[in-house]
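# Breakdown of the fold
The primary structure of each chain is shown beneath.
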Amino acid sequence: MTLFERLTKKAQENPQRLVLPESLEPRTLQAADRVLAQGIAEVIFVGKRDEIMAKAFELGLPHIEKANFIDADDMTLTEPYAELFAQLRKSKGMTLDEARNVVRNPLYLGCLMIKRGDADAMVAGALSPTSHVLRAAFQVLKTKPGISVVSGAFIMLLPENVQYGEDHMLVFADCAVVPDPTAKELAEIAIATAKTTKDIAGLDPVVAMCSFSTKGSASHERVDKVIEATELAHKMDPELKLDGELQSDASIVPAIGSMKAPGSPVAGHANTLVFPSLEVGNIAYKLVQRLAGAGAVGPILQGLAAPVNDLSRGATVDDIVNTIIVTCNQAIGDKNL
């Protein structure tokens, strides 16, 4: 069973309430039709039902009628969300009238539905810049307890002839969000990525805190940051199998791991690589993708209090469906189902 076959099955067995705020975007509608047809999620569109159904008819999508709809312009429906947002942003001087205007923005309304317990997750970005999606999520949902930073992970699906990782998978982070994390932020990224490895890749996380040094082989302030992050991550989750600082070959090649870091429970066996900066993570995943012919699933946003994932504005229908499946599995993982 492939990764997405397994994730699809899990989503079908535990349908989550998924908000799609870009309700008239054709690729999003096509993806939603497939999701509804397969019973992957309960879809909630933000928009006017008649307009959405007309667009679905134009596109020949028979399953959209199974969705739920909320009109952001109907104040009889959105007033509770305006009141909630005014309360959340009270310290910032937000008034109820200002909140009523904000909830007409589908991105904010979708996040507020999650915050109020009326939805479980959201996928957006086919029309909206990443900054807009993240701003709504930050202001409404914030981050998980003990986590102050949002990061982005990729699941690398390795070819059959590549023996590293586990089940031909490695998880890389952060490859998408934080340019130069502090030691504390790097530790939080490690904890969040371990959860992604468990909830999405379906593996027991074995986390390597990567560096250009292995166990003191080099001395530099950037190495010190990784060492400190490793110590902080151990304090945050003493049971997590995590070690550092490790070079990438010492992380995944058993013979090199045992030679460079004898006695390490991680060296040579890591399935999760946490990189010291965004430039390293981004370069690494793209090189592995191109040179090894690996698939790259992501970025999977992690660290938010509830699952919200951002799409590329060039996303295909398949990309959107896959992102929805991953997001639903994040929601399932948050509920420990």
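Keep in mind that this is a model prediction, so the values were computed, not measured.

## A short note on the sheet that holds strand S9 (residues 272–274)
- Here six strands make up an open sheet; going across it, the order is S8-S7-S9-S6-S5-S10 and the pairing mixed. The sheet is open, and its two edges are formed by strand S8 (241–246) and strand S10 (295–302), each paired on a single side. Here the strands of the sheet are splayed against their neighbours by 20° on average, with no regard to which way each runs.

## Description of the pairing of strand S7 (residues 206–210)
- Most of S7 sits inside the fold, with five of its five residues counted as buried.
- Alternating positions in S7 separate into two faces, Val206, Ala208 and Cys210 on one and Val207 and Met209 on the other, with burial throughout.
- Regarding the hand of the β-α-β motif, the stretch spanning S7, helix H9 (residues 221–236) and S8 is right-handed.
- Strand direction decides the pairing type here: S7 and S9, joined by three bridges, are parallel. Within S9, the residue paired with Met209 across the bridge is Val274.

## What about a nonpolar patch on the surface?
- The grouping of Ile283, Leu287 and Leu291 at the surface amounts to a nonpolar patch, some 330 Å² of accessible area in total.
- By relative accessible area, Leu287 is classed as partly exposed at 45%.

## A word on the pattern of salt bridges
- Tallying each qualifying case throughout the model produces 20 salt bridges.
- Between Glu188 and Lys184 there is a salt bridge whose closest N-O contact spans 2.5 Å. Taken together, the residues Glu188 and Lys184, both in helix H8 (residues 183–201) and four residues apart, mark about one turn of the helix.
- Taking relative accessible area as the criterion, Glu188 reaches 1% and is therefore assigned buried.
- A relative accessible area of 48% places Lys184 in the partly exposed class.

## Here's the deal with the side chain of Glu188
- A distance of 2.8 Å separates the side chain of Glu188 from the side chain of Ser148, its partner in a polar contact.
- The residues touching Glu188, leaving out its near neighbours within four places in the chain, are Gly146, Ile147, Ser148, Val149 and Met236.

## Observations regarding the packing of helix H4 (residues 75–88) against helix H6 (residues 106–116)
- It is the contact of H4 with H6, at a shortest axis distance of 10 Å, that shows an interaxial angle of 85°. Taken together, the axis directions place H4 and H6 in an arrangement best described as roughly perpendicular. Between H4, through Thr78, Pro80, Tyr81, Leu84, Phe85 and Leu88, and H6, the contact on the second element is made entirely by Tyr108, Leu109, Leu112, Met113, Lys115 and Arg116.
- Classifying every residue of the contact of H4 with H6 gives nine nonpolar, one polar and two charged.

Cut-offs applied
Residues numbered from 1 in each chain as written. Predicted model: local features only at pLDDT ≥ 70, side-chain atom pairs only at ≥ 80, totals over all residues. Heavy atoms only, no water. Pairing = 2+ DSSP bridges. Helix = DSSP H or I, 4+ residues; strand = E, 2+ residues; numbered from the N terminus. Axes fitted to C-alpha atoms, helices over the stretch in contact; angles between N-to-C directions. Buried < 20%, exposed > 50% of the residue type's maximum accessible area, 1.4 Å probe, protein only. Right-handed = clockwise from strand over helix to strand, strands pointing away. Patch = residues over 30% accessible without salt bridge, like charges linked within 9 Å, V, L, I, M, F, W, Y side chains within 5 Å. Areas by Shrake-Rupley, 256 points an atom, 1.4 Å probe, with all protein chains shown as cover. Salt bridge = Lys/Arg side-chain N within 4 Å of Asp/Glu carboxyl O. Polar contact = N/O pair within 3.5 Å; in protein donor to acceptor, adjacent residues only side chain to side chain. Contact = heavy atoms within 4.5 Å. Parallel < 35°, antiparallel > 145°, perpendicular 65-115°, else oblique. Nonpolar A, V, L, I, M, F, W, Y, C, P; charged D, E, K, R; others polar.

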